[in-house]
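Survey of secondary and tertiary structure
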Amino acid sequence: MILELPYPPSVNHYWGQSGKRRFIGKKGQEFRAAVLAVVKQEKVRTLFGRLAVHVNLYPPDRRKRDVDNCMKSLLDACEHAGCYENDSQIDELHIIRKEVVKGGMCIVTVLELP
């Protein structure tokens, strides 16, 4: 499966906190909804085996960013949308930062491993 998704929020913007309670914040909810819409449009079937995930990140600007800082929100949103049963199925994860694209985006390829 290959999905073209919006650029994921960093983990700092994905989660919100109120006292000791953690929750998915507004940006996280918006990102999850956007991923779900793409998955429904593409009629993706849920994968149940061991997985490899390849991510090409196209940042929205030239600010310094840690590529690993948005993986939690991306992988959780893909799980929530039904791409796979649980992100613990992922045995391989490849992340590549690409050139800046206005608005940012990411291309996610999910493959079942033999």
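A few points on the structure. These numbers were taken from a predicted model, which means no experiment stands behind them. (Residues numbered from 1 in each chain as written. Predicted model: local features only at pLDDT ≥ 70, side-chain atom pairs only at ≥ 80, totals over all residues. Heavy atoms only, no water.)

1. A word on the side chain of Arg 32
Among the structural elements, Arg 32 can be located in helix H2 (residues 26-42). We note that Arg 32 is buried and unpaired, the nearest opposite charge coming from Asp 76 at a distance of 6.7 Å. If sequence neighbours within four positions are ignored, Arg 32 has contacts with Tyr 14, Ile 24, Ala 77 and His 80. (Helix = DSSP H or I, 4+ residues; strand = E, 2+ residues; numbered from the N terminus. Buried < 20%, exposed > 50% of the residue type's maximum accessible area, 1.4 Å probe, protein only. Lys, Arg positive; Asp, Glu negative; His and termini not counted. Salt bridge = Lys/Arg side-chain N within 4 Å of Asp/Glu carboxyl O. Contact = heavy atoms within 4.5 Å.)

2. Brief notes about H2
Each turn of an α-helix holds 3.6 residues, which means side chains three or four residues apart point in the same direction. Counted at 1.5 Å a residue, the expected span for H2 with its 17 residues is 24 Å, and the 25 Å between its end C-alpha atoms agrees. Those residues of H2 not exposed but buried are Gly 28, Phe 31, Arg 32, Val 35, Val 38 and Val 39. Across the axial projection of H2, the buried residues extend over an arc of 125 degrees, all falling on one side. Those residues of H2 that are exposed and angled more than 90 degrees off the buried face are Lys 26, Lys 40 and Gln 41. Tucked inside the fold, the buried residues of H2 contact strand S1 (2-5), helix H1 (11-14), strand S3 (21-24) and helix H3 (71-81). Directly after H2, the chain includes Lys 43, whose backbone phi takes a positive value near 55 degrees. (Expected span 1.5 Å × (residues − 1). Arc of directions from axis to C-beta.)

3. Regarding the environment of Gln 41
By the secondary structure assignment, Gln 41 is in helix H2. For Gln 41, a relative accessible area of 62% gives the class exposed. With 61 residues separating them in the primary sequence, Gln 41 and Lys 102 have C-alpha atoms 23 Å apart.

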